[in-house]
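# An overview of the molecular structure
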Amino acid sequence: MHVTQIVSEKCTGCEDCVFVCTLKAIRMEGGKAVILEHCTDCKDCWKRCGDGAIYSGEASAAAAAGPQKSTEDWRGVLVWLEGDDSGLQTASREVLAAGRRLADDLGVYLEAYLVGGAGAARDAVFRGVDRVHQRAPAATHTGLASAYESPLLGLIRERHFEIVLFPDSLPSWELAPRLAQRLQTTLYPPVSALTVDFETRDLLGTIHAYGGAYFSEVTTGGARPQIALVRGSAFPETSADPSREGEIVQAA
Amino acid sequence: MRVIVLLKQVPDPGQIGVSRTKGTLFEKGKRILNPADEHVLELAAELKSKEQADFVALASGPEPVVEVLRRAYAFGADQCYHLVEELDEGDHFAKARALAGAIRLIAKERGEVDLVLAGKGSPAWGAGQTGARIAAELELPQALWVAKLRVHGRELEATQLAGGEEQVRRVPMPALVTVDPSANKPRIPNALLLMKAFKREVKKLGLEELGLTPDAFAAGSTQVRIVRTYAPD
Amino acid sequence: MDFKFTEEQEAIREMVRDFVDQEMRPRAQAIDEEEKTDFNIINKAAELGLMGVSLPEEYGGIGQGKVGFCIFVEEMSKGCAGTATAIGCHQSIGAMTIVVDGTPEQKQKYLPDMAAGKKIGAFALTEPNAGSDAAAIQTTATKDGDYWILNGRKQWVTNGPFANVVTVFAVTDKGLGAHGGVTAFIVENTFPGYVVGTKDHKMGIRGSESCELIFDNCKVPKENILGQFGAGFLTAMRTLDMGRMTLAAGCLGGAKEALKLSVKHCSERFQFGKPLAEQPVVQQYLAQMAADIYSMESMIYRTAAMADNGQKYSRESAICKLFCSETSGRVIDTAVQLHGGLGYMREHPIERIYRDCRINRIFEGTSEIQKLVIARDVLKKGGY
Ligand SMILES: Cc1cc2nc3c(=O)[nH]c(=O)nc-3n(C[C@H](O)[C@H](O)[C@H](O)COP(=O)(O)OP(=O)(O)OC[C@H]3O[C@@H](n4cnc5c(N)ncnc54)[C@H](O)[C@@H]3O)c2cc1C
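All figures in this text were calculated on a predicted structure; none of them were measured in a lab.

Before going further, it helps to spend a moment on the overall build of chain C. Along chain C, the regular secondary structure elements total 12 helices and 10 strands. Compactness check: chain C gives a C-alpha radius of gyration of 21 Å against a globular reference of 21 Å for 384 residues, within 12% of the reference. By principal-axis analysis of the C-alpha atoms, chain C measures approximately 80 × 50 × 40 Å. Across chain C, every contact between residues at least 6 apart in sequence was considered, and the portion connecting residues at least 24 apart equals 74%. Charged side chains in chain C number 43 positive and 48 negative. The centres of these two groups are separated by 4 Å.

Below you can see the structure in the form of structure tokens.
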């Protein structure tokens, strides 16, 4: 695997590196150079780049951990859901709807990590989840992070979801930042609108700034997975279709 | 008991505007201490008097950030540290990694840290993520949005406040706690302490000292990048 | 020339502003009705170190100098001029006599407690027959062994009803007149023969209490002579230099509060289908108020900076006192006018502020006396 990396803030999009690369291992994405898998670290581009935007990621812990490998290695959408036997919680249904839309836009599966009973798992499938990783709620006195953090981390690392969505709730705030830190990635503050850039597959969200006095459209600097919190009442729920099929597996 | 308080300097919400042509927020006035952090300082001051806690404050960012640390001294902080860095403000991953590094260094210098305190959030984006990220970096248990905090020996009894509901958590120390603004009413600092704060030394830390090279920060790919900001019509 | 406040000064201003917003302004109307100094506020101020803003650090004060003290008084006066007078008087003319002319022993004995707000200070010069003509005082002090025996009455002594440490000016040698014949004494309220007389009922600044003090063979130990024997008048004048400038800062605070209330009212009050603030005449008033405030602010802080630099500022402080008391009176009068009938109603703070500000042209030397002082200087110098 190559160690050559692009510092995307420094990249001016001049395409000098694309021109100099005889292996055609550099591609422009969203105005920035991206190193492709078949790069052999010949260093021609390092020498050519006048902006100091290309460097060796060899020593970088970030590169070793994976997230910055390449955005192409990351596919699929995961949502965090909670519910009981009567079905999913409201916030979970909204997150599910947001995830379903993104999965459709990107042409990928929607998976869910569900804390709840069988009824909730069925509800999740009926409302559009393709695969539910279901587990029973843990008895926890010290917070959700201690109970769900590592199974969730394991699942994300194994499946390489490009997008992970949480509702805007205390459990999410307990979990999502910790996951994001361990995965060395971005966590979007609660978003009220979500789209993707089809070329880069970067997530574009709208967040409320200063208590709603302003809105900001935000995106990632390129890291994967893109973890986002979903604002309540911002995404209309999908309706439950009992004929819909999906897989339910027991999660750790 | 040793408490480290994390302080953030933020744009004054009453002193911002948005440029229509550039789609960016601009700041008209001086930055202030994050209002939520006043409650953190108050809690730390209370722990100092009730538990004889060693009260340490840490803020990171460019030079003017040192001003918020004066406020910590005015609240009675024993020592303040300024981690001088110019990381992107939206790069929570990098900020958390840097702050965690600083906390480790301070623990080495002053002794084990039992409690890391941070504010619930900031005016700009509401609830914050840096606290929990730091907890992950330091492998600490956490309690977020805490409205009441009691110390029982080596254990914290934290009452979390979410959606108007209270939830009691027991968390062993060392731990990280973010403080809900309902936790207390920040005091008006004593004028003499306030003046002395200007003469107290703030220890400077640099990323190199923490052993953090640019590589440690995932090259900025982890930032929440603002594309455009606008006022709703 | 640098007209920037230091970071310390900005920090003090912000802190006092918080204190005023939380503790003073919300109580101002009630205090006016009660006609009592609110010791709840005084005690809180003391806890926060605000009873010693002007006092040196080595005696437990904040050591903020003249600029810092003016900032303090300006901010307090926005919230409640009465309480500001009580707290300000304690530190400016109350304790300042000892700061200016006290011996190290006297400073050590009195200032730490005063800075901590445990002892309240007052200044007793005026008598029934000696107001503007302070040299006409009749209170006497006669020597009796290790003591001086004071006899006479002082009136309108701010903080008199509860003061613990009072600087009293008395005639020690009738033949020598004001200069040489008047001595200042530090008198404690526990000394035998010290009698608190009736409390005054005032038009404004009712959060500040004043009264008559009677000295009926009051026994004062000789070590309590303040400053040089016979030079009491100098002590009084030097202290009043500071008092007058501080008083001007109080005027500035009142004027700023009046303008703020006026802007709010004129923006919210609709007549003729639009806010008052859109009327050109109203805007002229607001502009004039702002210009007046700017000129007051400029002269006060310039003078305070001179004082902090050790320059003589007697004439300047007299100018500040004259100009700012007159000007803030005009600004506040305009504010009442802009509030219309509401401005005449007891329920509205501007009515109180109007009554509160009237005193500024009278105490610590009337406007006429300031003019006298300034004119004497101008005539001596042949100009400014
Ligand atoms: C609320 C309040 C608090 C006070 N607190 C204190 C205090 O703490 N300590 C203290 O010692 N004193 C205090 N005083 C007294 C105050 O300083 C005097 O009232 C003031 O100096 C004026 O004296 P007078 O009232 O006797 O007026 P008068 O001297 O009788 O003057 C009456 C009028 O004649 C004018 N006038 C007098 N002489 C002349 C002249 N030569 N030329 C032109 N016009 C002249 C005056 O300007 C005034 O307009 C206080 C007074 C009040 C009302």
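Quick look at the packing of helix α1 (residues 7-24) of chain C against helix α4 (residues 65-79) of chain C now. Residue and element names in this part refer to chain C. Running from N to C, α1 and α4 point in directions that differ by 25°, and their axes come no closer than 9 Å. It follows that α1 is roughly parallel to α4 by the angle criterion. At the point where α1 passes α4, the crossing takes the right-handed sense. The residues of α4 that touch α1, namely those facing Gln 9, Ile 12, Arg 13, Val 16, Arg 17, Val 20 and Met 24, are Val 67, Gly 68, Ile 71, Phe 72, Glu 74, Glu 75, Met 76, Lys 78 and Gly 79. Residues of the contact of α1 with α4, tallied by class, amount to eight nonpolar, three polar and five charged.

Per the stated rule, a full pass over the model turns up 64 salt bridges over all chains. In the salt-bridge network here, residues are joined through shared partners; they are Arg13(C), Arg17(C), Glu74(C), Glu75(C), Lys78(C), Lys256(C) and Glu297(C).

What follows concerns the interface of chain A and chain B. Taken together, the contacts link 44 residues of chain A with 48 residues of chain B. Surface buried jointly by chain A and chain B totals about 4,000 Å² across both partners, of which 55% is contributed by carbon and sulfur atoms. Of all residues in chain A, Gln181(A), Tyr210(A) and Tyr214(A) bury the most surface against chain B, accounting for 20% of the area lost on that side. Where chain A touches chain B, the interface holds three salt bridges. Across the pair Glu139(B) and Arg182(A) runs a salt bridge whose closest N-O atoms are separated by 2.8 Å. Between the two partners, chain A and chain B, sit 24 residue pairs in polar contact (both at pLDDT 80 or more). When residues of the side of chain A that touches chain B are assigned to their parent elements, the largest contribution, eight residues, is made by helix α7 (residues 170-182) of chain A. Considered class by class, the residues forming the side of chain A that touches chain B number 20 nonpolar, 19 polar and five charged. Examined bridge by bridge, strand β12 (residues 214-220) of chain A and strand β16 (residues 224-230) of chain B share six bridges and lie antiparallel to one another.

On to the sheet that holds strand β6 (residues 54-61) of chain B, then. Residues and elements named next belong to chain B. One open sheet accounts for nine strands, arranged β13-β12-β11-β14-β8-β1-β6-β7-β15; its pairing is mixed. Each having just a single partner strand, β13 (165-172) and β15 (202-206) make up the two edges of the open sheet. The sheet shows a mean angle of 30° between the axes of neighbouring strands, taken without regard to direction. Where strand β1 (residues 2-7) meets β6, six bridges bridge the pair, whose relative direction is parallel. In the strand pairing of β6, Leu 7 is matched with Ala 59. Along the sheet face, helix α2 (residues 66-74) touches β1, β6, β7 (79-84) and β15 and points at about 165° away from the line of β7. Contacts from helix α4 (residues 130-137) reach β1, β11 (142-152) and β14 (175-179), with the element oriented near 180° to β14.

Ranking by contact count across two pairs of chains in contact places chains A and B at the top. Without any contact between them, chain A and chain C keep their closest C-alpha atoms 22 Å apart.

This part covers the domain arrangement of chain C. All names here are of chain C. Assigned domains of chain C: these are domain 1 (7-120), domain 2 (122-233) and domain 3 (240-381). Summarising the inter-unit geometry, the C-alpha centres of domain 2 and domain 3 are found 31 Å apart. With six residues of domain 2 in contact, the opposing surface of domain 3 contributes nine residues. Around 630 Å² of area is buried between domain 2 and domain 3 when both sides are counted, 65% of it from carbon and sulfur atoms. Inspection of the region where domain 2 meets domain 3 yields zero salt bridges. Seen at the junction of domain 2 and domain 3, the total is two residue pairs in polar contact (both at pLDDT 80 or more). Across the side of domain 2 that touches domain 3, the residue classes break down as three nonpolar, two polar and one charged.

Moving on, we get to the site of the ligand. All names here are of chain C. Lining the immediate surroundings of the ligand are 16 residues, of which Thr 126, Ser 132, Trp 156, Thr 366 and Glu 368 lie closest. Note that an oxygen atom of the ligand is positioned 2.9 Å from one of the backbone N or O atoms of Leu 125. Separating an oxygen atom of the ligand from a side-chain N or O atom of Thr 366 is a distance of 2.6 Å. With the chains in place, 65% of the 960 Å² that the ligand exposes on its own is no longer accessible. Elements that contribute at least two residues to the shell around the ligand include exactly β1 (121-124) and β3 (147-158). Of all the elements, β3 adds the most residues to the shell around the ligand, at three residues. Of the residues that constitute the shell around the ligand, the class distribution is eight nonpolar, five polar and three charged.

What follows covers the interface of chain C and chain B. Counting residues at the interface gives 16 residues for chain C and 13 residues for chain B. Roughly 1,300 Å² is buried in total at the junction of chain C and chain B, and carbon and sulfur atoms are behind 63% of that figure. Between chain C and chain B we count two salt bridges in total. For Arg70(B), the salt bridge is made with Glu7(C), and the minimal N-O distance between the two is 3.5 Å. At the junction of chain C and chain B, the tally comes to three residue pairs in polar contact (both at pLDDT 80 or more). Per element, the largest residue contribution to the side of chain C that touches chain B is eight residues, and it comes from α1(C). Residue composition of the side of chain C that touches chain B, grouped by class: seven nonpolar, four polar and five charged.

Turning our eyes to something else, we now look at the environment of Ala124(C). All names here are of chain C. Inspection of the secondary structure puts Ala 124 in strand β1. Sequence-wise, Ala 124 and Glu 297 are 173 residues apart; in three dimensions their C-alpha atoms are separated by 29 Å. With near-sequence residues (within four places) excluded, Ala 124 lies in contact with Lys 154, Val 157, Val 166, Thr 167, Val 168 and Phe 169.

All names here are of chain A. Each assigned domain of chain A is listed here: domain 1 (4-56) and domain 2 (71-250). In this structure, domain 1 and domain 2 have C-alpha centres spaced 33 Å apart. Taken residue by residue, the interface counts seven residues in domain 1 and six residues in domain 2. Buried area between domain 1 and domain 2, both sides added, is near 370 Å², and the carbon and sulfur share of it is 31%. Along the contact surface separating domain 1 from domain 2 lie zero salt bridges. The interface formed by domain 1 and domain 2 contains zero residue pairs in polar contact (both at pLDDT 80 or more). Its residues assigned to classes, the side of domain 1 that touches domain 2 shows two nonpolar, two polar and three charged.

Thresholds, definitions, all that
- Residues numbered from 1 in each chain as written.
- Chains lettered and ligands numbered in written order.
- Predicted model: local features only at pLDDT ≥ 70, side-chain atom pairs only at ≥ 80, totals over all residues.
- Heavy atoms only, no water.
- Helix = DSSP H or I, 4+ residues; strand = E, 2+ residues; numbered from the N terminus.
- Rg over C-alpha atoms; globule rule 2.2 N^0.38 Å.
- Contact = heavy atoms within 4.5 Å.
- Lys, Arg positive; Asp, Glu negative; His and termini not counted.
- Charge placed at Lys NZ, Arg CZ, Asp CG, Glu CD.
- Axes fitted to C-alpha atoms, helices over the stretch in contact; angles between N-to-C directions.
- Parallel < 35°, antiparallel > 145°, perpendicular 65-115°, else oblique.
- Left-handed = near helix turned anticlockwise from the far one by under 90°.
- Nonpolar A, V, L, I, M, F, W, Y, C, P; charged D, E, K, R; others polar.
- Salt bridge = Lys/Arg side-chain N within 4 Å of Asp/Glu carboxyl O.
- Buried area = accessible area lost by both parts, 1.4 Å probe.
- Polar contact = N/O pair within 3.5 Å; in protein donor to acceptor, adjacent residues only side chain to side chain.
- Pairing = 2+ DSSP bridges.
- Domains from an automatic or database assignment.
- Near = heavy atom within 4 Å.
- Areas by Shrake-Rupley, 256 points an atom, 1.4 Å probe, with all protein chains shown as cover.

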